[in-house]
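The residues making up each chain are set out below.
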Amino acid sequence: MSVSLTKGGNVSLGKQAPGLTAVTVGLGWQANTGYDLDASALLCDQSGKVLSDRHFVFFNNLTSPDGSVRHSGGGSPAGGDDQQIQVDLALVPDHVTKIVFLVSLYEAASRGQSFGQVHRAHVRVLDREAGTELARYDLASGSLSKETALVFGELYRHGAEWKFRAVGQGYASGLAGIATDYGVDVLRDTPPSPAPSASAPSASAPASTPAYVPPAPPTPTVVSPPPPAFAPTPQPTGSSPVTCFFDPNHGPGTTTVTWSPQWGVPRPIQTCGGCAQRVQSAPPPFYTPPQQGYPQPAPQGYPQQGYGQPYGDHHDHQQQGGGRRFGAGALIGAGAAGLVGGALLNEAFDDDEPDVIVNNYYEE
C-alpha cells in the first residue's frame, strides 16, 4: 500500500517492501506548451554536497560513475510519470548518504517561466521488481510562484535501511541556487569562453565533466556624468569667516583664487563665487575699479579707466576744488617714491613672518 506524504514527511522503504534492492523514482507534472522541464539526481556525501560533477545525473550525463543511478531520458511518459530515474540501492557506494531528486525549467529566465504555471507535480517511489508504488508526494498547486528549480524529494540512509523524504524546496535562482546548496560546479553560471583565434591551431580534448552552462546575462552599460565646467577651490578648513575681497556687500568669501594685481606679485584671496569666476576667466593682470573700504594701489603710469590721465605727462594738472598746481618734476618725484614704496612692500611680503590677515584675506 502506497504512503501519501506531505512536505517534510518520510517513510521507511524497507518496511514497505522487505528485501528491497532497487527502486524507480518517477516525476511528473502538467505544464503549458513551450515549457521544457528536466529531472535530475544528485549523489551526496555526509556533508550534503555532491561527490563530483560526474555524480550529477541529468539529460547530458545519464549514468553515475558507479552505475547505481540511471536516468531514463526524456522519452514518452510512463505510468503518469514524465521522467523516471532508476536506483540500484545495492550498488550505491557506502559514502553516498543521500540521493536528491530535482526538476528545473530549461531557460526559464529568458522565457519568463516559473513553477507558478506548472500544475499537478508529483514524485513517487516504486518497487522496481514488483512495480508497486511505495510512497508518493503531490506538490500543492499554487504554492509556488517565482521558483524555476525545485527539489521534489530525496532517498537517504537511516542506519542499514533506506528512507524517502518529501522535500518540496523551491529555488527562484534556478540551477544556480541548487549549485550553491549542493556544490555542483557544472551548474554554476560561468562567462562564455572567448572564440579561438583564426591563426591558432584548434585542439579538441574530451571534457572530463558534463557541461550545463546557462546563458550569461547582458552586461549593463555605465555612463559616467560629464565633469563640471568649473570647480572652484574650497575655502580652507578652520579659517576665519571673511567677506568677498572685492566688495564686502557681495557676502562671504567662500572661494580661494589667485589674483594678479596691477602692481605686486600674484596672491591668494577669498572672494564670492561671481568674483571668483571673473578672476579665473580674465587674463592677468586682473584690474579692478576702486572698492570702497579697501586700499587701492597708487597709479604708476598706466592709463586706467576711472584713474585719470597717465603719469609722466609734460602737462600740469589742476587738482579739483582749486588747489596747488604740480609741475612735471614733482610728479616724477612722486612716481619714484611710489616705486621705492612698492619695492619695500614686496620685500615685506616675502619675509618669513607668520600668516596675518590683511584686507580681509590671508597672505603668506
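As a reminder, the structure under discussion sits directly above these lines.
Residues numbered from 1 in each chain as written. Predicted model: local features only at pLDDT ≥ 70, side-chain atom pairs only at ≥ 80, totals over all residues. Heavy atoms only, no water.

(A) Quick peek at the pairing of strand 8 (residues 98–105). Across the eight residues of strand 8, eight count as buried, placing the element largely inside the fold. The two faces of strand 8 match: Lys98, Val100, Leu102 and Ser104 on one face and Ile99, Phe101, Val103 and Leu105 on the other face are all buried. Judged from the eight bridges that link them, strand 4 (residues 37–44) and strand 8 form a sheet pairing that is antiparallel. By the bridge assignment, Asp38 is partnered in strand 8 with Ser104. Looking at chain direction, strand 8 and strand 11 (residues 149–158) are connected through seven bridges and run antiparallel. Within the sheet, the bridge partner assigned to Val103 lies in strand 11 and is Leu150. (Buried < 20%, exposed > 50% of the residue type's maximum accessible area, 1.4 Å probe, protein only. Helix = DSSP H or I, 4+ residues; strand = E, 2+ residues; numbered from the N terminus. Pairing = 2+ DSSP bridges.)

(B) Spatial organisation of the nonpolar core. If you look at the biggest cluster of nonpolar residues, it comprises 42 residues, and the most contacted ones within it are Leu27, Val87, Ile99, Phe101 and Leu155. Within the residue set of this core, elements represented by two or more residues are strand 3 (22–30), strand 4, strand 7 (83–88), strand 8, strand 9 (119–127), strand 10 (133–138), strand 11 and strand 12 (161–171). Ignoring any residue separated from it by four or fewer positions in sequence, one finds Leu155 in contact with Leu13, Val23, Val25, Val87, Leu89, Thr97, Lys98, Ile99, Phe101, Trp162, Lys163 and Phe164. Core analysis: the next-biggest nonpolar cluster, separate from the first, contains 15 residues, Phe56, Leu102, Val167 and Tyr182 among them. (Core = buried A, V, L, I, M, F, W, Y, C linked by side-chain atoms within 4.5 Å. Contact = heavy atoms within 4.5 Å.)

(C) Inspection of helix 4 (residues 273–281) at higher detail. Regarding helix 4, the residues found buried are Cys275, Ala276 and Val279. Taken around the axis of helix 4, the buried residues stretch over an arc of 100°, which confines them to a single face. Contacts from the buried residues of helix 4 go to strand 13 (255–259) and strand 14 (267–271). (Arc of directions from axis to C-beta.)

(D) Geometry of the sheet that holds strand 4. Read from one edge of the open sheet, six strands run 2-12-11-8-4-5, paired in antiparallel fashion. A strand with exactly one partner marks an edge of an open sheet, and here the two such strands are strand 2 (10–12) and strand 5 (56–57). Bridging between strand 4 and strand 5 involves two bridges; their strand directions are antiparallel. Residue pairing for strand 5: Ala41 is matched across the bridge by Val57. Lying over the sheet, helix 3 (residues 175–182) contacts strand 4, strand 8, strand 11 and strand 12, oriented at roughly 160° with respect to strand 8. (Axes fitted to C-alpha atoms, helices over the stretch in contact; angles between N-to-C directions.)

(E) Seen up close, the environment of Ala135. Relative to the helices and strands, Ala135 is located in strand 10. Assessed through its relative accessible area of 0%, Ala135 is described here as buried. For the pair formed by Ala135 and Val125, sequence separation is 10 residues and the distance between their alpha carbons is 5.3 Å. In contact with Ala135, other than residues within four places in its own chain, are Ser2, Val3, Leu5, Val11, Val123, Arg124 and Val125.

(F) Here's a closer look at the sheet that holds strand 9. Spatially, 1-10-9-3-7-6 is the arrangement adopted by the six strands of the open sheet, whose pairing is mixed. Looking at the sheet topology across the chains shown, the edges are occupied by strand 1 (3–5) and strand 6 (69–71). On average, each strand axis in the sheet is inclined to that of its neighbour by 15°, with strand direction left out of account.

(G) Spatial organisation of the environment of Ala39. In this fold, Ala39 is placed in strand 4. The class for Ala39 is buried, based on a relative accessible area of 1%. Sequence spacing of Ala39 and Ser104 is 65 residues, and the spatial spacing of their C-alpha atoms is 6.7 Å. Excluding residues that lie within four positions of it along the chain, Ala39 makes contacts with Leu27, Phe58, His71, Gln83, Leu102 and Val103.

(H) How the structure looks around the pattern of salt bridges. Taken as a whole, this structure holds nine salt bridges when the rule is applied. Ionic pairing is found between Lys98 and Glu154, a salt bridge with its closest N-O pair at 3.7 Å. Note that Lys98 is positioned in strand 8 and Glu154 in strand 11, a separation of 56 residues in sequence. Put simply, Glu133 and Arg124 hold a salt bridge, and the shortest N to O gap is 3.1 Å. A relative accessible area of 22% means that Glu133 is categorised as partly exposed. Classification of Arg124 as buried rests on a relative accessible area of 11%. Counted as one network, the salt bridges with shared partners bring together Asp81, Arg124, Glu133, Arg136 and Asp138. (Salt bridge = Lys/Arg side-chain N within 4 Å of Asp/Glu carboxyl O.)

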